[in-house]
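Report on the structure
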Amino acid sequence: ENQITVRNNTFENCEGGVYGKGNPQNVTVHNNFMYCGSNTCMDAVYFNRQLEGGVTPNERNVYRNVIVGYQMAVVSNPDSIATPGLHVYNNTIYSPNNTDDGIYLGGALTGAQVYNNILANLSPSLRYYDGVVSYSNYNNFYRATGNVWNRNYATNYTSLAFWTAATGFDANSITSDPLFVNAGGANPEDYKLQASSPARTAGRGGAYATVMGAYITGDEVIGYSPTYVADTLAPAAPTNLSVQ
């Protein structure tokens, strides 16, 4: 259960995407396309309550995924033993239903970091329990009908300013339309950023990307992409034949 990598997969209309059952160590989930067109899919990336043990390092990294239409995008809710190490960054999360949850972090999780994500049309965009997140900033929250952030499954905040004042998080985050190429589309390329997108320059920067979301350069391969050449053309005529 150690050193698990899940990358360049396409999950379509699956009830759950990546389910981290048990106590996996050093898990990386990246460059996947997770799409649900029916709004019946539960969790795109879920580390469940059995993820216990307090083992260090217990790094889990979730990055450069495009997640569309899941009722919850990224969930980590370990049980009663402190579970360190979760980084959620440069993901593009979109709800065509304008109701789904974005990132939900609770339980005994500690030291989680959340940055450079685009979370669009979600309600709430974030749901954190006190003490589980050490860093949350440089995210782009967009919902035309009004955003929601939730604390401890008890208090909703209806503006980024209220959320920041109450938690100290997301002081450099924005609430701008990310200007996807084709919001609501069923392909990962639909969630690339237009040239004028504010998310192109509002990221964390420094040692990290200044672009928010999964497409940093625009050339990333998100989802399954076969590397073979399709057998659609007739083979070339043989040459230099001889009869013996």
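Everything here concerns the structure above.
Numbering of residues starts from 1 in every chain and runs along the sequence as written. With the structure being a predicted model, the display of local features is reserved for residues of pLDDT at least 70 and the display and counting of side-chain atom pairs for 80 or more, all residues being used for whole-chain, interface and lining totals. Side-chain numbers come from the whole structure's heavy atoms, not from hydrogens or water.

In this section: the nonpolar core. By nonpolar core is meant a set of buried Ala, Val, Leu, Ile, Met, Phe, Trp, Tyr and Cys residues that side-chain atoms within 4.5 Å join together. When accessible area is computed with a 1.4 Å probe and restricted to protein chains, residues below 20% of their type maximum are described as buried, those above 50% as exposed, and intermediate ones as partly exposed. With 36 residues, the main nonpolar core has M34, I103, L105 and Y128 as its most contacted residues. Taken together, the elements giving at least two residues each to this core come down to β4 (25–30), β6 (43–47), β9 (72–76), β13 (101–105), β15 (112–115), β17 (126–128) and α1 (160–167). Of all the elements, β6 adds the most residues to this core, at three residues. Those residues within four positions of M34 in sequence are excluded, and the remaining contacts are F11, V18, V29, A44, V45, V66, I67, V68 and Y70. Of all hydrophobic cores here, the second largest spans 18 residues; its members include V68, A120, Y191 and M212. Runs of H or I in DSSP of at least four residues are treated as helices and runs of E of at least two as strands, each being numbered from the N terminus. Contacts are assigned to residue pairs that have any heavy atoms within 4.5 Å of one another.

The omega angle of the peptide bond from S123 to P124 is 0°, so this bond is cis rather than trans. Its location among the elements puts P124 in the loop between β16 (118–120) and β17. Despite not being glycine, N90 has its phi angle at roughly 50°, a positive value. Although it is not a glycine, Y153 sits at a positive phi angle of roughly 55°. Tracing the backbone shows Y153 in the loop between β20 (149–151) and β21 (155–157).

Here we take up the sheet that holds strand β18 (residues 133–137). Within the open sheet, the six strands sit side by side as β1-β4-β7-β11-β15-β18. Their pairing is parallel. The open sheet has two free edges, formed respectively by β1 (2–7) and β18, since each of these has just one partner strand. The sheet shows a mean angle of 5° between the axes of neighbouring strands, taken without regard to direction. Strand pairing requires that DSSP identify at least two bridges connecting the strands. Each axis is a line fitted through C-alpha atoms, and for a helix only the stretch in contact is used; angles between axes span 0 to 180 degrees, taken between their N-to-C directions.

Take the state of the cysteines next. Two cysteine sulfur atoms form a disulfide, by the criterion used here, when they sit within 2.5 Å. Taken as a whole, this structure holds one disulfide when the rule is applied. Linked covalently through their sulfurs, C36 and C41 form a disulfide whose S-S length is 2.1 Å. In this structure the cystine formed by C36 and C41 twists about its S-S bond by roughly 80°; its chirality is therefore right-handed. Judged by its relative accessible area of 2%, C36 falls in the buried class. You can see C14 has no disulfide; the closest cysteine sulfur is in C41, sitting 6.9 Å from it.

So, on to the environment of Y153. According to the relative accessible area criterion, Y153 is partly exposed, its value standing at 45%. The sequence separation of Y153 and R127 amounts to 26 residues, and the corresponding C-alpha distance is 7.0 Å. Beyond its immediate sequence surroundings of up to four residues, Y153 is in contact with M72, Y104, R127 and Y129.

Residues of α1 that are buried: L160, W163 and T164. The arc enclosing the buried residues of α1, seen along the axis, measures out at 95°, which places them on a common side. Those residues of α1 that are exposed and angled more than 90 degrees off the buried face are A161, F162 and A165. Packed against the buried residues of α1 are β17, β19 (140–142), β20 and β21. The arc in question is the one spanned by the directions pointing from the helix axis to the C-beta atoms.

This paragraph deals with the sheet that holds β17. Read from one edge of the open sheet, seven strands run β3-β6-β9-β13-β17-β20-β21, paired in mixed fashion. On the outer flanks of this sheet lie β3 (16–20) and β21, each paired with one strand and no other. Here the average twist between neighbouring strands, direction ignored, is 10°. Bridge analysis of β3 against β6 gives four bridges, and the strand direction is parallel.

By the criterion of burial, β6 is predominantly enclosed, with five of the five residues buried. Bridge analysis of β6 against β9 gives four bridges, and the strand direction is parallel. The partner of F47 across the bridge, within β9, is S76.

Considering the arrangement of structural elements, one finds T10 in strand β2 (residues 10–12). The sequence separation of T10 and I222 amounts to 212 residues, and the corresponding C-alpha distance is 8.2 Å. Discounting residues that sit within four places of it in the chain, T10 has contacts with F33, G223 and Y224.

Any carboxyl oxygen of Asp or Glu that lies within 4 Å of a side-chain nitrogen of Lys or Arg is treated as forming a salt bridge with it. Taken as a whole and judged by the stated rule, the model has two salt bridges. A salt bridge links R127 to D101; the nearest nitrogen and oxygen atoms lie 3.3 Å apart. Within this pair, whereas R127 is found in strand β17, its partner D101 is found in strand β13, the two being separated by 26 residues in sequence. Of the two residues, R127 and D101, neither departs from the other in class, the shared state being buried. D130 is the salt-bridge partner of R151, the closest N and O atoms lying 2.8 Å from each other.

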